[in-house]
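# Descriptive analysis of the structure
The primary structure of each chain is shown beneath.
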Amino acid sequence: MSGSWWARALIVSAGLVTGPAIGSATDAFSAVQVLREGGCGGVMPAARPLRHDQALDEVARQWAEGQPLAAAAERSGYPALATSGLHVSSTDAAILELLRRSACHAVTGQELRALGVYRRGLDSWLVMTSDYRSAALAPASSRAPPYTAPAPVSLPLESPRAPTIHTAPAEVLASQALQLVNDVRARGVRCGETAFAPAPPLALSGTLANVAFGHAADMAEHDYFEHRDLNGQSPADRVRAVGYREKLVGENIAYGPKSVEEVVQGWLDSPGHCENIMDPRFAEMGIANVPGRSGRHGLYWVQVFAEPQA
């Protein structure tokens, strides 16, 4: 391949994952926990889960009803400077992707300890605090000085009802890639010297797309091109980190292609990448690209495949 078009492929057999699986987030609280545990797909350091605090649910409700966030927090015993908020308008199905794109830094703060949520229709109000509830409720005469955090921030996010959400470039790219891949799987193809029979179609996975985006962004940010990231995590490690329960994980990466058609064709022209695309064991796929930085101006591409546990 030319120096401006690099690609690598990896397939990883994986054993069972112990412990509870978070899986796909179905609400705002679950979405925040998934993003914290997985570091927004590997872009941020992983963070401990937040505990659910009903008192913060009430703060979120008051904020939703028009009270200033700082005043609602103080009324419930939380220092305003230790409290931050997010107002999100989204369906449950889209909330994880919306938070990943727009609020990674806000929800993965290492100092955060607890979370409350108030939901009304498609709108969710999330209130997070770095101050423990037990300390906040202590009598004023014995309470320690409040934790000093950045000023509370309310980050309104775009509603998925707006056309820009439903026609987001990442979603279009994923749909185009899926069509190209499934067309090839439907007819079968030769990967180098090996002929592959038709394979069942793949389905798109938002979770795998998050993992793909995280690795592409990390390679772009830190100027490297490897399946194993700078923390030593493999593709299977990154998939497990977001709670996906897998039997088998594969990954194709590329640097340089300017379109989804070009990158898919390049992978098909390379036997190892082609074999990942045609492997009948895989059932789901995620794909993402991120522009290079540090003087590199091509696109970093990551395609993640997985066979989920039954």
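Now for a look at the structure at hand. Given the structure is predicted, the values throughout are model-derived calculations rather than measurements.

Conventions we followed
Residues numbered from 1 in each chain as written. Predicted model: local features only at pLDDT ≥ 70, side-chain atom pairs only at ≥ 80, totals over all residues. Heavy atoms only, no water. Helix = DSSP H or I, 4+ residues; strand = E, 2+ residues; numbered from the N terminus. Buried < 20%, exposed > 50% of the residue type's maximum accessible area, 1.4 Å probe, protein only. Contact = heavy atoms within 4.5 Å. Salt bridge = Lys/Arg side-chain N within 4 Å of Asp/Glu carboxyl O. Core = buried A, V, L, I, M, F, W, Y, C linked by side-chain atoms within 4.5 Å. Disulfide = S-S within 2.5 Å. Pairing = 2+ DSSP bridges.

### Some thoughts on the environment of P257
- Counting through the fold element by element, P257 comes out in the loop between β9 (246-255) and α11 (260-268).
- The class of P257 is buried, set by a relative accessible area of 0%.
- Linking P257 and L299, residues 42 residues apart in sequence, is a C-alpha distance of 6.3 Å.

### A closer look at the side chain of Q62
- Structurally, Q62 can be placed in helix α2 (residues 54-64).
- Look past the residues within four positions of Q62 in its chain and what remains in contact with it is Q67, A72, R75 and S76.

### Considerations on the pattern of salt bridges
- Within the structure shown, the criterion is met by eight salt bridges.
- Measuring nitrogen to oxygen at the nearest pair gives 3.0 Å for the salt bridge that ties E251 to R238. Linking E251 in strand β9 with R238 in helix α10 (residues 235-241), this pair joins segments that are 13 residues apart in sequence. Both residues of the pair, E251 and R238, count as buried.
- The residue R281 makes a salt bridge to D279 at a minimum N-O spacing of 2.7 Å.
- Through salt bridges that share partners, E58, R61 and E65 make up one connected network.

### Looking at the nonpolar core
- Counting residues in hydrophobic clusters, the biggest one holds 42 residues, and the most contacted among them are L86 and L99.
- It is helix α9 (residues 206-222) that contributes the most residues to this core, seven residues altogether.
- Listed in part, the 24 residues of the second largest apolar core include V264, W267, L268 and M285.

### Some details on the state of the cysteines
- Enumeration according to the criterion identifies one disulfide in this entry.
- A sulfur-sulfur separation of 2.0 Å characterises the disulfide bridge that pairs C191 with C274. On the sign convention where negative is left-handed, the bridge of C191 and C274, at about -60° about the S-S bond, is left-handed. Taken together, the positions of C191 in strand β6 (residues 189-191) and C274 in helix α12 (residues 271-278) put the pair 83 residues apart, joining distant regions of the chain. An identical accessibility class is assigned to C191 and C274; each is buried.

### Observations concerning the pairing of strand β4 (residues 114-120)
- Here strand β2 (residues 51-52) pairs with β4 via two bridges, running parallel. The residue bridging R51 from the neighbouring strand is A114, located in β4.
- Note that β4 and strand β5 (residues 123-129) share seven bridges and pair antiparallel. Bridge pairing in β5 links R120 to D123.
- Here β4 hands over to β5 after two residues, with G121 in that stretch at a positive phi of 65°.

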